[in-house]
Amino acid sequence: MPDRPPKRDTRDRILIAAATMLGEDPAARLSVRGVAARAGVSMGSLRHFFPTQRELIDTVVAGIYDVDIPDDPILDTERAPAERLVACLRQLLSQVGTGDRAREYWRAIHETYIASDPTDDQVATYRSLERLGLHRIERWLTVLADEGAVPANDVERSARFLASVLNGLLIERALPADALRLTFETDTLRMAADAVTSGRIGAEQSER
């Protein structure tokens, strides 16, 4: 009788299967049953490590976003804080691409979350992706806050502001464009980064 795989190996197989499914389709419905089948484990084994579907999704997405990037621009202290932040935001934009690639991304998002009422599984997946996307931006801003380049009490608010800017630019990337689009995109990123590093986001909130 073959030895059973160690428990740690089973957990890793589950996470690898779920991450692969999400990598193949960012709008994938990570159902417990589907992930268990992809990992080749029983539902009971999966539930042992991840009692809820949300816990599974959060763990997978956290693993994706928390991987250290060797050449993360935010660590290049020879560049100005705003310039480093723009480079980081560009990394997120590049994951979706432009033209057909961007349209395919938004088509999947629309079909999964907008065209019809999303299921509880789909809502959990989207919220996890949104939450961990904000977490990555917050990590960048925290580095700058530690350097005194961003007010520490503005990190969460600034991250949400930058996420909204990115969403708008990502939608534009899927629409018919002219040669000036990338120029305007760069200007928008710079203005957003300048607003964050100058502390204007928090200042505007305080005046309300």
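Check the entry above for the structure.
Note that the coordinates shown come from a computational prediction; the quantities given were computed from them, not determined experimentally. (Residues numbered from 1 in each chain as written. Predicted model: local features only at pLDDT ≥ 70, side-chain atom pairs only at ≥ 80, totals over all residues. Heavy atoms only, no water.)

1. Looking at the packing of aromatic side chains
Summed over the entire model, instances satisfying the criterion amount to 2 aromatic pairs. Each ring, one from Tyr 105 and one from Trp 106, has its centre 5.3 Å from the other, and the planes form 85°; the classification is edge-to-face. (Phe/Tyr/Trp six-rings, centres within 6.5 Å; stacked < 30°, edge-to-face > 60°.)

2. Examining the pattern of salt bridges
Here the structure, examined in full by the defined rule, presents 8 salt bridges. With a closest N to O distance of 3.3 Å, Glu 83 and Arg 79 form a salt bridge. A relative accessible area of 43% places Glu 83 in the partly exposed class. Residue classification places Arg 79 among the partly exposed positions, given a relative accessible area of 28%. Beyond isolated ion pairs, a larger network of salt bridges with shared partners links Asp 76, Arg 79 and Glu 83. (Salt bridge = Lys/Arg side-chain N within 4 Å of Asp/Glu carboxyl O. Buried < 20%, exposed > 50% of the residue type's maximum accessible area, 1.4 Å probe, protein only.)

3. Details of the packing of helix H5 (residues 81-96) against helix H7 (residues 120-146)
Two numbers describe how H5 lies on H7: the axes approach to 11 Å, and their chain directions differ by 165°. For the element pair H5 / H7, the angle class is roughly antiparallel. Here H5 runs over H7; the crossing is right-handed. Contacts between H5 and H7 involve Pro 81, Arg 84, Leu 85, Cys 88, Leu 89, Gln 91 and Leu 92 from the first element and Arg 136, Ile 137, Trp 140, Leu 141, Val 143 and Leu 144 from the second. (Axes fitted to C-alpha atoms, helices over the stretch in contact; angles between N-to-C directions. Helix = DSSP H or I, 4+ residues; strand = E, 2+ residues; numbered from the N terminus. Parallel < 35°, antiparallel > 145°, perpendicular 65-115°, else oblique. Left-handed = near helix turned anticlockwise from the far one by under 90°. Contact = heavy atoms within 4.5 Å.)

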